[in-house]
Amino acid sequence: MSDLNGKVALVTGSAKESGIGRAIALRLARDGADVVVADMCKDKGEKDAIWGGLLARAEEIQDAGKRALAAHVDISDEKSVDALIAEIKAGFGRLDIVCNNAGIATGINLSYMLSPAEWRKVMEVNLNGTFIMSRAAAQWMTKAKQGGCIINTSSWRGFAPAPFMAAYCASKAGVISLTEVMALELASHNIRVNAICPGKVDTDMERWGWELKAGAKGVPVEAIIEEEQKKIPLGRIATPDMVAGLVSFIASDEGAYITGQAISFTGGMTLVRL
Ligand code: NAD
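These lines cover the structure that appears in this document, whether it is placed above or below.

Rules and cut-offs
- Every chain begins its residue count from 1, and numbering advances along the sequence as written.
- Only residues with pLDDT of at least 70 get local features here, since the model is predicted, and only at 80 or more are side-chain atom pairs given and counted; chain-wide, interface and lining totals rely on the full set of residues.
- For side-chain calculations, the full set of non-hydrogen atoms in the structure is used, while hydrogens and water are omitted.
- Accessibility here uses a 1.4 Å probe with only protein chains present; expressed as a share of the type maximum, an area under 20% marks a residue as buried, one over 50% as exposed, and anything in between as partly exposed.
- Only DSSP runs of H or I covering at least 4 residues are called helices, and only runs of E covering at least 2 are called strands; the numbering of each starts at the N terminus.
- Two strands qualify as a pair provided DSSP detects at least 2 bridges between them.
- Handedness rule for crossovers: strands pointing away from the viewer, path from the first strand over the helix to the second running clockwise, crossover right-handed.
- To obtain each axis, a line is fitted to C-alpha atoms, and for helices this fit is confined to the stretch in contact; angles are then taken between N-to-C directions over 0 to 180 degrees.
- What makes two residues a contact is simply this: any of their non-hydrogen atoms within 4.5 Å.
- Only the six-membered ring of Trp is used, alongside the rings of Phe and Tyr, when aromatic pairs are assigned; centres must lie within 6.5 Å, and planes under 30 degrees apart are stacked while those over 60 apart are edge-to-face, with the rest tilted.
- Lysine and arginine charges are scored as sitting over a ring when NZ or CZ, respectively, is within 6 Å of the ring centre and within 35 degrees of the ring normal.
- We call a crossing left-handed when the near helix sits turned anticlockwise from the far one by less than a right angle, and right-handed when that turn is clockwise.
- Put simply, Ala, Val, Leu, Ile, Met, Phe, Trp, Tyr, Cys and Pro go in the nonpolar bin, Asp, Glu, Lys and Arg in the charged bin, and everything else, Gly too, in the polar bin.
- Nearness of a residue to a molecule or strand requires only that one of the residue's heavy atoms be within 4 Å of it.
- Here a polar contact means two N or O atoms within 3.5 Å. Within protein one must be a hydrogen donor candidate and the other an acceptor candidate, and residues neighboring in sequence count only if both atoms are side-chain atoms.
- Working definition of accessibility: Shrake-Rupley area with a 1.4 Å probe, residue cover restricted to the visible protein chains.
- Note on definitions: salt bridges are taken to be side-chain nitrogens of Lys or Arg within 4 Å of carboxyl oxygens of Asp or Glu.
- The disulfide criterion used throughout: a pair of cysteine sulfur atoms within 2.5 Å.

Turning to the pairing of strand β3 (residues 68-72), a few remarks are in order. Note on strand geometry: in a regular strand, side chains alternate between the two faces of the sheet. With four of five residues buried, β3 lies mostly within the body of the structure. As defined by bridge partners, strand β2 (residues 34-39) adjoins β3 across five bridges and the pair is classed as parallel. By the bridge assignment for β3, A38 is matched with A71. Of the crossover connections in this fold, the one passing from β2 over helix α2 (residues 49-63) to the parallel β3 is right-handed.

In C-alpha cells:
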C-alpha cells in the first residue's frame, strides 16, 4: 500500500462503475489521498447517469474515510478545465496527483475511410484533452512549488499499432510524446509526468470491441474473451483494480524516481508479434 496521506488527487473519467477511473479513484483514497472525481455530465440532474455515477464514487471515497469532490469536466474544453481547477482550489486548495484517465474509442474503420470528424473527435478528447488538463495542472503545480505527479493514460496501442484503429492509436502515441516532453520540462519543479499503457482491461470500452467481434463471427462473447486471453502470455485479462495498483505505485514515494516513462501493463503482450 502506498502512503498518499495529505495528498489531493484528481481522476478524470471516473464516473462509471465498471471503469478504470473509478478503480483508480478508490485505490488512491484507500491509500490516503483526498480525491476529486470528474467526468463529462450533460447536467447535474438526477437523470444524468454520469452525474449519478460521480456522486456514487464520491460517497465510496467518503466511506473510505477521505474527502471527495464530484465535478463536471469536459477535458477537451479549456473553459471547463479552468472551472474544474477553480473548484478544486476552492474545495481543497492544493493538487498533487492528476490522473488523466478520460478517453474514448470510436468505431473501427480503415484509416482512409475514417471521417475527419471522427478522427478529430478522438484527438479532441484523448490527446487535446490530456494536454489541456495537464497544462492547467502544471501551471498550478509550478506556482504552488510543492511538486506533483501527472499520470496520463495512454495504451499499448500507443506503440503497438492495430489496423482499423488509426485515430485511437495515433492519439495514444501522441499522449506518450506529450508525457515525455512535459516530464523534461517539469522535472526541475519536482513534477513527474508518466504514462501508463494498459493492454486489455475488462471494462465497457474493451467489452464493446469483444461484442463487435462476437457479432461479426457469430459466436458468444465468452468465446472471444477466451481467444483474447490466449494472446496474453500471462493468460489473463487485466482488471481495473490492477491498473489502479500501478497508478498508486507511480504516485507514491516508491515511484518518486520515475518520470517520462510509458509503462507497459499488458501481461507480456508487447513481447508477442500478433
Ligand atoms: P470507459 O469508457 O469505461 O471510461 C472512460 C470515461 O471517460 C467515461 O466515464 C467517460 O464519460 C469519460 N470521458 C469521455 N470523454 C470525456 C471528456 N471529454 N471529458 C471528461 N470525461 C470524459 O473506459 P475505460 O476502459 O475505463 O478506459 C479508461 C482509459 O483507459 C481510457 O483513456 C482508455 O483509452 C484507456 N485504456 C483502456 C483500456 C481497456 O482495455 N479498457 C486499455 C488501454 C487503455
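On to the sheet that holds β3. Read from one edge to the other, the open sheet built from seven strands follows the order β3-β2-β1-β4-β5-β6-β7, with strand pairing classed as parallel. At either end of the open sheet lies a strand with only one pairing partner, and these are β3 and β7 (262-265). Put simply, the sheet's adjacent strands are angled 20° from each other on average, direction ignored. The sheet strands contacting helix α3 (residues 78-91) are β1 (8-12), β2 and β3, and the helix crosses β3 at an angle near 160°. Sheet strands touched by helix α4 (residues 116-144): β1, β4 (97-100), β5 (148-153) and β6 (191-198). Its angle to β4, the strand with the most contacts, is close to 175°.

By convention here, two paired aromatic rings are described through the distance between centres and the angle between planes. Across all of its chains, the model carries zero aromatic pairs by this definition. Positioned over the ring face of W140 is K89, at 5.0 Å from the centre of the ring.

On to the packing of α3 against α4, then. The contact between α3 and α4 brings their axes to 10 Å, and the two run at 40°. As α3 runs across α4, the sense of the crossing is right-handed. Of the residues in α4, those touching α3 at E78, V81, L84, I85, I88 and K89 are I132, M133, R135, A136, A137 and W140. Its residues assigned to classes, the contact of α3 with α4 comprises nine nonpolar, no polar and three charged.

In this section: the site of the ligand. Around the ligand lies a shell of 27 residues, among which D39, N101, Y168, V201 and T203 are the nearest. Within the backbone of V73, one N or O atom sits 3.4 Å away from a nitrogen atom of the ligand. D74 is positioned such that a nitrogen or oxygen atom in its side chain is 2.9 Å from a nitrogen atom of the ligand. For the ligand, whose accessible area on its own is 840 Å², the fraction buried by protein is 95%. Looking at the shell around the ligand residue by residue, the classes come out as twelve nonpolar, nine polar and six charged.

Further remarks concern the pattern of salt bridges. One pass over the full model with this rule turns up eleven salt bridges. A salt bridge links K16 to D204; the nearest nitrogen and oxygen atoms lie 3.8 Å apart. Separated by 188 residues along the polypeptide, K16 in the loop between β1 and α1 (20-30) and D204 in helix α6 (residues 204-217) bring together distant segments of the chain. A network of salt bridges, in which partner residues are shared, links K200, K213, E228 and K231.

For the structure shown, the criterion picks out zero disulfides. In this structure C99 is a free cysteine whose sulfur lies 7.2 Å from that of C149, the closest cysteine sulfur available. Exposure remark for C99: the relative accessible area of 2% places this residue in the buried category. The thiol of C169 is not disulfide-bonded; the next cysteine sulfur, from C197, is found 12 Å away. C169 sits in the buried class, given a relative accessible area of 9%.

The next thing to look at is unusual backbone geometry. The backbone of F164 sits at a positive phi, close to 75°, despite the residue not being glycine. For F164, the location among the structural elements is in the loop between β5 and α5 (166-186). For F164, a relative accessible area of 44% translates into the label partly exposed. If you check the backbone angles, N190 has positive phi at about 60° while not being a glycine. Here N190 is to be found in the loop between α5 and β6.

This part takes up the pairing of β6. Across the eight residues of β6, eight count as buried, placing the element largely inside the fold. The two faces of β6 match: I191, V193, A195 and C197 on one face and R192, N194, I196 and P198 on the other face are all buried. Looking at chain direction, β5 and β6 are connected through six bridges and run parallel. In the sheet register, C149 faces β6, and the bridge partner there is R192. For the handedness criterion, the β-α-β arrangement of β5, α5 and β6 is classed as right-handed.

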